[in-house]
Amino acid sequence: MFDFDQYLGFLAFLTILTIGFWLMIFLLTFVVPYWLFGNIRELIKEKRKAKAAARLQE
C-alpha cells in the first residue's frame, strides 16, 4: 500500500497545489484589475494635466 513518506509527499503536493490555485484566483480577481484600473486612472490624470498645461501656454 502506501508508506508514510508517500503519504506526506502526497499531502505536500496537495498543499502546494491548493495554495497555487488560491493564489491565482486572488491575483486574477483582485491584484490584476487593481493594477490595471490604477494605471488607467493615472494615465487619464496625466493627459488632463498635459491638456491644462497646454491651455495655459496658449
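These figures come from a predicted structure and were not determined experimentally. (Residues numbered from 1 in each chain as written. Predicted model: local features only at pLDDT ≥ 70, side-chain atom pairs only at ≥ 80, totals over all residues. Heavy atoms only, no water.)

Topic: the overall build of the protein
Logical step 1: For the protein, the count of helices and strands is one helix and zero strands.
Logical step 2: Rg of the C-alpha trace for the protein: 24 Å, well past the compact-globule value of 10 Å for 58 residues, more than 25% over.
Logical step 3: By its C-alpha atoms, the protein is 85 × 15 × 5 Å across when sized along the principal axes.
Logical step 4: Scored against the burial criterion, the 58 residues of the protein give a buried share of 0%.
Logical step 5: In the structure as shown, the protein presents an accessible area of about 6000 Å², 72% of it carried by carbon and sulfur atoms.
Logical step 6: For the protein, the distance from the average position of its 7 positive side-chain charges to the average position of its 5 negative side-chain charges is 25 Å. (Helix = DSSP H or I, 4+ residues; strand = E, 2+ residues; numbered from the N terminus. Rg over C-alpha atoms; globule rule 2.2 N^0.38 Å. Buried < 20%, exposed > 50% of the residue type's maximum accessible area, 1.4 Å probe, protein only. Areas by Shrake-Rupley, 256 points an atom, 1.4 Å probe, with all protein chains shown as cover. Lys, Arg positive; Asp, Glu negative; His and termini not counted. Charge placed at Lys NZ, Arg CZ, Asp CG, Glu CD.)

Some words on the UniProt feature "transmembrane region" (unreviewed entry) in the protein
Logical step 1: In the numbering used here, UniProt assigns the "transmembrane region" (unreviewed entry) feature to residues 12-37.
Logical step 2: The span residues 12-37 is 100% helical and 0% strand by assignment, and the distance between its end C-alpha atoms comes to 36 Å. (UniProt positions renumbered as here; feature names shortened; annotations may be inferred.)

Some words on the packing of aromatic side chains
Logical step 1: Counting across every chain of the model gives four aromatic pairs.
Logical step 2: With a centroid separation of 5.0 Å and 70 degrees between ring planes, the pair formed by Phe21 and Trp22 is classed as edge-to-face.
Logical step 3: For Phe21, a relative accessible area of 45% translates into the label partly exposed.
Logical step 4: Ring geometry for Phe30 versus Tyr34: centroids 5.9 Å apart, planes at 15 degrees, classification stacked. Taken together, the residues Phe30 and Tyr34, both in helix 1 (residues 4-57) and four residues apart, mark about one turn of the helix.
Logical step 5: On the basis of relative accessible area, Tyr34 is assigned to the exposed category, the value being 62%. (Phe/Tyr/Trp six-rings, centres within 6.5 Å; stacked < 30°, edge-to-face > 60°.)

As for the pattern of salt bridges
Logical step 1: Applying the stated criterion across every chain yields a total of one salt bridge.
Logical step 2: Lys45 is paired through a salt bridge with Glu42; the nearest N and O atoms lie 3.9 Å apart. With Lys45 and Glu42 both in helix 1, this residue pair falls three residues apart, about one helical turn.
Logical step 3: Judged by relative accessible area, which is 45%, Lys45 ranks as partly exposed. (Salt bridge = Lys/Arg side-chain N within 4 Å of Asp/Glu carboxyl O.)

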